[in-house]
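# Coordinate inspection notes
These are the residues of each chain, in order.
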Amino acid sequence: MTTENNTKEQAIGFSENVDWQKYILFRPLYAPSFYSRIFQYHSSKASPPSPAAAPAPAATASSPSWDTAHDAGAGCGIVSGVLASKFNHVVVSDATASFVELAQELLVGKAGFPASKFVFKHARAEETDMAPGSVDLVTACECIHWMDTEAAVGAFGKQLKSGGTLAIAIYYIPSLGNPEAEKHWQSIWNKWVTLDTSPLYLRAYSTVNSGLESIGFPEDAWTDVKRVYTNTHGSLDVFRFSDEVGASQVRDGEGREFVEGDPAWTMQRDIAWLKGYTGTFVPQLPEEDVSEHWDAIDAALQGGTVTVEFPVVTILATKK
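Just so we're clear, the structure is a prediction, and the values are computed from it rather than from any experiment.

### Overview of the overall build of the chain
Check the secondary structure of the chain and you find nine helices and 12 strands. Relative to its full complement of 320 residues, the chain shows a buried share of 54%. By sequence separation, contacts in the chain at least 24 residues apart represent 79% of the contacts at least 6 residues apart. Of the roughly 13500 Å² that the chain leaves accessible, carbon and sulfur atoms contribute 53%.

### Description of empty space enclosed by the protein
Under the defined criterion, the tally for this structure stands at two cavities of 30 Å³ or more. Volume-wise, the largest cavity comes out at about 240 Å³. Residue lining of the largest cavity: 18 residues in total, with His 145, Trp 146, Tyr 172, Trp 192 and Phe 281 positioned closest to the centre. Listed by contribution, the elements that provide at least two residues to the lining of the largest cavity are β6 (160–171) and α7 (199–209). Here the element with the most residues in the lining of the largest cavity is α7; it accounts for three residues. Here the lining of the largest cavity is built from residues that sort into 14 nonpolar, two polar and two charged. Taken as a whole, the second largest cavity spans an internal volume of roughly 30 Å³. For the second largest cavity, the full set of lining residues is Phe 34, Arg 37, Thr 230, Asp 262, Trp 265, Val 312 and Thr 314. Secondary structure elements with two or more residues in the lining of the second largest cavity: α2 (32–43) and β12 (312–319).

### What to know about helix α8 (residues 271–278)
Counted residue by residue, α8 has six buried out of eight residues, so it is predominantly covered. Turning to α8, its buried residues are Ile 271, Trp 273, Leu 274, Gly 276, Tyr 277 and Thr 278.

### Some thoughts on the packing of aromatic side chains
Within this structure, the stated rule accounts for 37 aromatic pairs. Ring centres 5.3 Å apart and planes at 80° place the aromatic pair Phe 34 and Tyr 35 in the edge-to-face group. Across the pair, Tyr 35 and Phe 34 agree in class, each one buried. The ring of Tyr 41 carries the charged tip of Lys 45 above its face, separated from the ring centre by 4.3 Å.

### With respect to unusual backbone geometry
With an omega dihedral of 5°, the bond running from Val 282 to Pro 283 counts as a cis peptide bond. Positioned with a positive phi, Leu 212 is a non-glycine residue whose angle comes to about 65°. Take Leu 212: it is sitting in the loop between α7 and β8 (222–230). Even without glycine at this site, His 233 takes up a positive phi of about 55°.

### Remarks on the layout of surface pockets
Space inside the second largest pocket adds up to approximately 240 Å³. Taken together, 16 residues line the second largest pocket, and the ones lying closest to its centre are Thr 149, Glu 150, Ser 214, Ile 215 and Gly 216. Breaking the lining of the second largest pocket down by element, the ones donating at least two residues are α5 (149–159) and α7. Here the lining of the second largest pocket gets five residues from one element, more than from any other, and that element is α5. Residue composition of the lining of the second largest pocket, grouped by class: five nonpolar, nine polar and two charged.

### So, the environment of Ser 214
Here Ser 214 shows up in the loop between α7 and β8. Along the sequence, Ser 214 and Gly 246 sit 32 residues apart, while their C-alpha atoms lie 5.1 Å from each other. The contact partners of Ser 214, leaving out residues within four places of it in the chain, are Ser 206, Thr 207, Gly 246, Ala 247 and Gln 249.

### Regarding the nonpolar core
Counting residues in hydrophobic clusters, the biggest one holds 92 residues, and the most contacted among them are Phe 156, Phe 217 and Leu 274. At seven residues, the largest contribution of residues to this core is made by β6. When residues no more than four places from it in sequence are discounted, the contact partners of Phe 217 are Val 153, Leu 166, Ile 168, Trp 222, Val 225, Arg 227, Arg 251, Ile 315 and Ala 317.

Rules used in this analysis
- Residues numbered from 1 in each chain as written.
- Predicted model: local features only at pLDDT ≥ 70, side-chain atom pairs only at ≥ 80, totals over all residues.
- Heavy atoms only, no water.
- Helix = DSSP H or I, 4+ residues; strand = E, 2+ residues; numbered from the N terminus.
- Buried < 20%, exposed > 50% of the residue type's maximum accessible area, 1.4 Å probe, protein only.
- Contact = heavy atoms within 4.5 Å.
- Areas by Shrake-Rupley, 256 points an atom, 1.4 Å probe, with all protein chains shown as cover.
- 1 Å grid on protein atoms, 1.4 Å probe; cavity = no way out; pocket = protein on both sides within 12 Å on 5 of 7 lines; lining within 4 Å.
- Points joined across faces, edges and corners; volume = space filled by probe spheres on them.
- Nonpolar A, V, L, I, M, F, W, Y, C, P; charged D, E, K, R; others polar.
- Phe/Tyr/Trp six-rings, centres within 6.5 Å; stacked < 30°, edge-to-face > 60°.
- Lys NZ or Arg CZ within 6 Å of the ring centre and 35° of its normal.
- Core = buried A, V, L, I, M, F, W, Y, C linked by side-chain atoms within 4.5 Å.

Given below as structure tokens:
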């Protein structure tokens, strides 16, 4: 295991104020179906031979390499742990030093993975010093909106081997299966979006509001781009909650798939969970500022639960 520091500490959307215990408790887990989509996509690619990590099949001249994965914007290492079960080596990087330290503590100290499996990097995804053509898979989950997406995609492309896979994903604010509760739920988020209108946040809103379609993959560098929209009901409006919308960079020939009713992203939750989930966002929205909306949601649920459905976008692309 090595730990590297390649960036200056700076303001990012996920600041030092993140409560990771609350985040893990109230944010949805990435289900097996989420990872299987990524791994199946990667498995379908041909690349030169490389030693494989169990339980991946042995690599041949016609199968992909499972040697090195890079979890960019890793946070506390939620995705990194799953990658560690498939790849020989995992690079865990984040722009916030304390997040990298926490990921190291959780993955090695508590989860019990061998330290030799990881490289921990304090680095911005856009400015990584990863060796060119050294990585088989790059993931950027629930973080791409905080990045300069053009620079980040360029950096990911440089570090990926030819035939390597890039997986970008984001889940968004869920909808509630109760019309009255949903109305007030949206009002709460309409209030939250006004708390920070700095250039960083406006750029993040622009990316998310586009359903990640503002992220482009230049034809000379990428192939087999596939955009998978889960629980969007055929529309990207579910991702839009402000006026900042990035221009679409989707090219002709890119694959688009809509998946509805994925049970992994649908659950029953009560008002305590809704408040806990809201509390995972930075900046914090004081409950008293929207107390009338919480009271209305409470009345609509009548002490019970509501169906919570998360919309998700997953983008898969292959480095030429």
